[in-house]
Amino acid sequence: MQAMARPDSFADLADKFSPAVVNITTSTMVAGRDQATPMVPEGSPFEDFFREFQDRNRGDRAPRRSSALGSGFVISEDGFIVTNNHVIAGADEITIEFFNGDTLDAELVGTDEKTDIALLKVEADNALPFVSFGDSDLARVGDWVVAMGNPLGQGFSVSAGIVSARNRALSGTYDDYIQTDAAINRGNSGGPLFNLDGEVIGVNTAILSPNGGSIGIGFSMASNVVTGVVDQLKEFGETRRGWLGVRIQDVTEDMADAMGLASATGALVSDVPEGPAMDAGMQAGDVITSFDGVDVADTRGLVRQVGATQVGKTVRVTVWRDGKTETLKVTLGRREEAEAEAVPAAQPGGEEPVEKDLMGMSLSSVTAELAEQLGLEDGAKGLVVRDVDEASDAYEKGLRAGDLITEAGQQKIDTIAQLEERVAEAKDAGRKSILLLIRREGEPRFVALPIDES
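This is a predicted model, so every value here is computed, not measured.

Novice: What should I look at first to understand helix α4 (residues 223–236) in this one?
Specialist: In an α-helix, one turn spans 3.6 residues; hence positions three or four apart end up facing the same way. In this model, α4 (14 residues) spans 19 Å end to end at C-alpha, consistent with the 20 Å of a helix rising 1.5 Å per residue. Within α4 the residues assigned to the buried category are S223, V225, V226, V229, V230 and L233. Across the axial projection of α4, the buried residues extend over an arc of 145°, all falling on one side. Where the residues of α4 are buried, they touch β3 (80–84), β6 (107–112), β7 (117–121), β12 (200–207), β13 (218–222) and α7 (299–307).

As structure tokens, this is what we get:
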């Protein structure tokens, strides 16, 4: 009976916290339409009709104002307001309407496109009612939640539901969405998702809908992501995320077997361009198992943890390398600065024109002719995949003609003989798979292939 208990009403929560929920109206100047004149033969009976039509609509070419509606909530008595970035993106004017009908103009403090969060500021004569963030990690699937906002421009509205799922990812690197069946519609964007203690555990951001209306699948960015972003926007007017400086991929079961890992966890380093990780001695083929004292489950968790770590902090990173663990000390850079610079992946080089079929692939050493055909860098080394048997594991794992294999068993290879040596070593070690480093158009990726086809 206790498990089935539910509140008799959400009215007390709505009465207490609704004054901190706001409607947001934005105004943007957009270019007018510039319609092309239809091609009508001279002397046609339609000539006069289309000329009159163009004259009537000539005014549409002038710039005009476009308005949009959204939601938000006050997080401090001095007027800081949180909403979605997409609510205010491109706005020339932002107007805040409070629950009591008062309106104030807002200024943009900062935005973060990666989490779709924006921070606004209004100046009020009196202290404003505000709400506080809660710990979204404590929210459990099945917990009651309440969404507030301005759906479809209809004014303040409350809807209730439960947490349907946790840790949802939509399309962003730092996504951590709470899924809920509380009704969320267009216009709810930027509004708060409350737990029953009146704490904000999410910012309503998106819905999944085939018809544009709520079908009970809504997403709120978790508060534990939002609070870090808001703190940085308030302090710097921008985000400053930690940057490790590696390309990574998830560890699969066959990769774990090929590397002698006990389980398919951690983040496999596929490339180490110039940056903090390279300076600390990290290598392609390392598996990051712990970052700053926290175990790494997968790449998504590592990216979020690194991004949430202070720029310039020196952290301990534990890696699995050559059958044992090593601990590196890495001083983090800033991701935003690194993203402004394109770092090309380094590629090794080769020559001997030997061909052979191995593991479902037709392989060849790099020749000058092949390097030119594939657009490889000067001096590129490795084995070129000339063809792949469509019935092979290699084809199933995504290898295609034109790929360049630069490492096998986490050692560089230049010749087919070296690949055969690595395969033999893996067999002698009792492994069922061998780890290959593949480069396609310069982008690195590890693939574990079974060696029984060799």
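Resuming the write-up.
Novice: Could you clarify how one ought to interpret the pattern of salt bridges in this entry?
Specialist: It is possible for side chains bearing opposite charge to pair when their charged atoms get close. Within this structure, the stated rule accounts for 19 salt bridges. Here K313 ties to D292 by a salt bridge, and the two come within 3.0 Å at their closest N and O atoms. Taken together, the positions of K313 in the loop between α7 and β19 (314–321) and D292 in the loop between β17 (287–291) and β18 (294–295) put the pair 21 residues apart, joining distant regions of the chain. Taking the relative accessible area as the measure of exposure, K313 reaches 35% and is therefore partly exposed. Among the ionic pairs, E421 bridges to R422, the shortest N-O distance being 3.3 Å. Given a relative accessible area of 10%, R422 falls into the buried group.

Novice: I would appreciate a short explanation of the packing of aromatic side chains in the present structure.
Specialist: The relative placement of two aromatic rings is captured by the distance of their centres and the angle of their planes. As enumerated under the stated definition, the model contains five aromatic pairs in all. Between Y177 and F219, the ring centres sit 6.2 Å apart and the planes meet at 70°, which makes this aromatic pair edge-to-face. In this pair, Y177 sits in strand β10 (residues 177–180) while F219 sits in strand β13, placing the two residues 42 residues apart along the sequence. Since its relative accessible area comes to 6%, Y177 is described here as buried. Classification of F219 by relative accessible area gives buried; the value is 7%. In this arrangement the basic side chain of K121 is found over the ring face of F80, its NZ or CZ atom lying 5.3 Å from the centre. It is R241 that lies over the ring of Y174; its NZ or CZ is 4.3 Å from the centre.

Novice: Looking at this structure, I do not really get a nonpolar patch on the surface. What am I missing?
Specialist: A contiguous nonpolar surface patch, about 240 Å² in accessible area, is contributed by F99, F156 and V158. On the secondary structure map, F156 appears in the loop between β8 (144–149) and β9 (157–168). For F156, a relative accessible area of 31% gives the class partly exposed.

Novice: I keep staring at a negative patch on the surface and nothing clicks. Help me out?
Specialist: There is a patch of like negative charges on the surface, built from D357, D387, D389 and E390. The topology assignment puts D357 in strand β22 (residues 355–358). D357 sits in the exposed class, given a relative accessible area of 58%.

Novice: Help me understand the sheet that holds β8, please; the structure alone is not making it clear to me.
Specialist: Remark on secondary structure: sheet strands pair via backbone hydrogen bonds, oriented parallel or antiparallel. If you walk around this closed barrel you meet the six strands as β8-β9-β10-β13-β12-β11, and the pairing is antiparallel. Put simply, the sheet's adjacent strands are angled 45° from each other on average, direction ignored. Against the sheet, α4 contacts β12 and β13, and its axis sits at roughly 50° relative to β13.

Novice: Explain the side chain of D271 here, please?
Specialist: Looking at the element boundaries, D271 is found in strand β16 (residues 267–271). Overall, D271 belongs to the buried group, its relative accessible area being 6%. Here R247 takes part through its side chain, which lies 2.7 Å from a polar atom of the side chain of D271. There is a polar contact of 3.4 Å between the side chain of D271 and the side chain of R439.

Novice: Which parts of the structure should I look at to understand unusual backbone geometry?
Specialist: One can expect most non-glycine residues to show negative phi and most peptide bonds to be in trans. The phi dihedral of N167 is positive, around 55°, even though this residue is not glycine. Along the chain, N167 turns up in strand β9.

Novice: How should I be thinking about the nonpolar core in this particular structure?
Specialist: The nonpolar side chains of a soluble globular protein tend to be buried, and buried together. Formed by 25 residues in total, the largest nonpolar core has its most connected members in V82 and F194. Broken down by secondary-structure element, the contributors of at least two residues to this core are α1 (11–17), β3, β7, β8, β12, β13 and α4. Broken down by element, this core gets its largest block of residues, five residues, from α4. Excluding anything up to four places from it in sequence, V82 contacts G72, F73, I75, I117, A118, L119, F133, G190, V203, V226 and V230. L383, V385, I434 and L436 belong to the second largest nonpolar core, which has 22 residues in total.

Novice: Would you mind showing me how to read the pairing of β7 here?
Specialist: Counting buried positions along β7 yields five of five residues, so the element is predominantly enclosed. When β3 meets β7, the two strands line up antiparallel, connected through five bridges. When the sheet's bridge partners are listed, V82 is paired in β7 with L119. Pairing between β6 and β7: five bridges, direction antiparallel. If you follow T111 over to β7, its bridge partner there is A118. Adjacent in sequence and paired antiparallel, β6 and β7 are bridged by four residues, among which D116 carries a positive phi angle near 60°.

Novice: Please clarify how the side chain of R241 should be interpreted in this entry.
Specialist: Among the secondary structure elements, R241 is positioned in the loop between α4 and β14 (242–243). Taking relative accessible area as the criterion, R241 reaches 5% and is therefore assigned buried. A distance of 2.5 Å separates the side chain of R241 from the side chain of D112, its partner in a polar contact.

What counts and what doesn't
Residues numbered from 1 in each chain as written. Predicted model: local features only at pLDDT ≥ 70, side-chain atom pairs only at ≥ 80, totals over all residues. Heavy atoms only, no water. Helix = DSSP H or I, 4+ residues; strand = E, 2+ residues; numbered from the N terminus. Expected span 1.5 Å × (residues − 1). Buried < 20%, exposed > 50% of the residue type's maximum accessible area, 1.4 Å probe, protein only. Arc of directions from axis to C-beta. Contact = heavy atoms within 4.5 Å. Salt bridge = Lys/Arg side-chain N within 4 Å of Asp/Glu carboxyl O. Phe/Tyr/Trp six-rings, centres within 6.5 Å; stacked < 30°, edge-to-face > 60°. Lys NZ or Arg CZ within 6 Å of the ring centre and 35° of its normal. Patch = residues over 30% accessible without salt bridge, like charges linked within 9 Å, V, L, I, M, F, W, Y side chains within 5 Å. Areas by Shrake-Rupley, 256 points an atom, 1.4 Å probe, with all protein chains shown as cover. Lys, Arg positive; Asp, Glu negative; His and termini not counted. Charge placed at Lys NZ, Arg CZ, Asp CG, Glu CD. Pairing = 2+ DSSP bridges. Axes fitted to C-alpha atoms, helices over the stretch in contact; angles between N-to-C directions. Polar contact = N/O pair within 3.5 Å; in protein donor to acceptor, adjacent residues only side chain to side chain. Core = buried A, V, L, I, M, F, W, Y, C linked by side-chain atoms within 4.5 Å.

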